[in-house]
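Summary of structural features
These are the residues of each chain, in order.
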Amino acid sequence: MTDRAYQLFEEQQQARGIDLGAVRQQLKSLQIETPSWGYGDSGTRFKVFPKNGVPRNPFEKFDDAAQVHKYTGACKSVAIHIPWDKVDDYDKLRSHAESLNLSIGAVNPNLFQDEEYMLGSVCHTDAAIRRKATEHLLECVDIAKATGSRDISLWFADGTNYPGQGNIRKRKAWMHEALAEMYAALTPQMRMLIEYKTFEPAFYHTDLADWGMSFNMANKLGPQAQVLVDTGHHAQGINVEHIVAYLIDEQKLGGFHFNSRKYADDDLIVGTINPYELFLIFYQILEASQDDQGAIRDTVSNIAYMIDQSHNIERKIPAMIRSVLNVQTQYAKALLINHDEVRAAQEAGDVLAAEDAVRKASEFDVTPLLQAVREEQGLPADPMKAYLESGYEESIAPRGKGGASW
Ligand code: PSV
Ligand code: MN
């Protein structure tokens with residue numbers, strides 16, 4: 001991309017009243033956490049295809065994550081999943097992350113793979129199993145203390161497959177009981193981010209099925225509990241950006257798990273199926289970031305942007321780089337929305353002008369902008385190309401097949 005292309009872009013945006021200096025600053029400060037499990041093998045319930053060079057342990061997952069950060073400059077932190085990333089010495093894992101210029105991000109408890117959790121974890125009818133699940137939540141709080149993590153992301157597979165299988169109201173009380181105990185163990189700096197999912201693996205009811213249930217739970221627990229929006233966890237056709245705006249306004253949006261879905265919780269690369277939805281999510285966030293109330297601006301500035309994907313058939317590190325680039329592209333486009341123009345159209349009741357003011361920002365080619373920002377940061381203008389030419393993929397091949405998998 002030539003300087004000329006950027007110059008033309010700048011002139012075009014200045015004429016629309018967009019301050020490109022501010023846009024560049026915002027682009028530079030967007031950090032996106034990547035998931036340790038996105039570097040390992042995964043699959044569907046039909047098959048896991050083992051890939052060559054997949055990390056064999058949590059330390060190697062961080063080595064791979066460091067490549068994503070090296071070429072994008074946007075992925076300093078890495079989420080861990082326990083027990084997938086269980087190590088004897090978390091200080092050692094933390095030092096390893098720091099030596100790679102990374103940090104350990106959200107801690108994700110895993111209450112869905114133990115034999116005893118077949119009929120539920122914190123919502124199981126058996127008090128001993130509920131106790132075991134709660135102890136795991138408390139263990140994750142301790143791990144977060146050791147890793148210096150602020151956030152603990154909670155997703156529960158708890159639910160039932162058939163009407164009558166469980167007492168829904170009792171299960172709701174048990175969920176609250178476990179989360180309240182965990183909440184009491186948090187340090188003042190920590191947050192609990194509560195995920196929800198309409199279905200799967202339970203098909204009749206999920207104990208935290210939608211944002212309203214997570215929101216209610218977070219409200220009951222207190223200010224350190226917030227909602228985590230996983231973009232793949234909604235019913236078809238749901239207006240996710242509306243949920244985002246609502247939760248921000250209630251100061252309860254804690255973060256995102258970005259991924260794409262076509263049919264269900266597909267965990268595909270973010271921005272590959274419905275990039276416009278991602279753009280509209282950023283529109284709501286940016287609109288709220290201009291709010292007069294400091295509390296709303298604080299909520300926005302503390303949103304944790306995280307990727308939650310399973311790369312089943314594609315190479316893991318390039319898939320993660322692609323995900324980050326896709327998020328940056330939609331964020332860059334959303335930064336080109338002229339909010340004064342939108343507001344003027346809203347106030348005039350001009351429906352078409354309002355829709356146009358938002359949509360047209362998504363139609364600009366932001367490549368010159370992103371390339372200029374990357375160059376300014378000392379990053380390669382084309383991170384994917386630079387990574388693929390770096391020889392890292394070849395260097396990890398001797399790890400062989402059969403690395404970490406869920
Ligand atoms: C569940 O589908 C989920 O979105 C949760 O965040 C899990 O922790 C993650 O995927 C990994 O399985
Ligand atoms: Mn998730």
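Read on for an overview of the structure. (Residues numbered from 1 in each chain as written. Chains lettered and ligands numbered in written order. Predicted model: local features only at pLDDT ≥ 70, side-chain atom pairs only at ≥ 80, totals over all residues. Heavy atoms only, no water.)

Here we take up the site of ligand 1. Not every one of the 13 residues close to ligand 1 is listed here, only the nearest: H81, E195, K197, D265 and D308. The contact in question runs from an oxygen atom of ligand 1 to an N or O atom on the side chain of E195, over 2.7 Å. A distance of 3.3 Å separates an oxygen atom of ligand 1 from a polar atom in the side chain of H257. Relative to its unbound accessible area of 310 Å², ligand 1 is 90% covered by the protein chains. For the shell around ligand 1, a count of residues per class yields 4 nonpolar, 4 polar and 5 charged. (Near = heavy atom within 4 Å. Polar contact = N/O pair within 3.5 Å; in protein donor to acceptor, adjacent residues only side chain to side chain. Areas by Shrake-Rupley, 256 points an atom, 1.4 Å probe, with all protein chains shown as cover. Nonpolar A, V, L, I, M, F, W, Y, C, P; charged D, E, K, R; others polar.)

Under the counting rule described, the total for this entry stands at 27 salt bridges. Note that D151 is salt-bridged to R191, the shortest N-O span being 2.8 Å. Residue D151 is found in strand β4 (residues 151-154), and its partner R191 is found in strand β6 (residues 191-194); the two are separated by 40 residues along the sequence. Grouping residues by exposure puts D151 and R191 together as buried. Note that R359 and E355 form a salt bridge whose closest N and O atoms lie 3.2 Å from each other. Of this pair, R359 and E355 both sit in helix α13 (residues 351-359), 4 residues apart, roughly one helical turn. With relative accessibility at 24%, the residue R359 sits in the partly exposed group. (Salt bridge = Lys/Arg side-chain N within 4 Å of Asp/Glu carboxyl O. Helix = DSSP H or I, 4+ residues; strand = E, 2+ residues; numbered from the N terminus. Buried < 20%, exposed > 50% of the residue type's maximum accessible area, 1.4 Å probe, protein only.)

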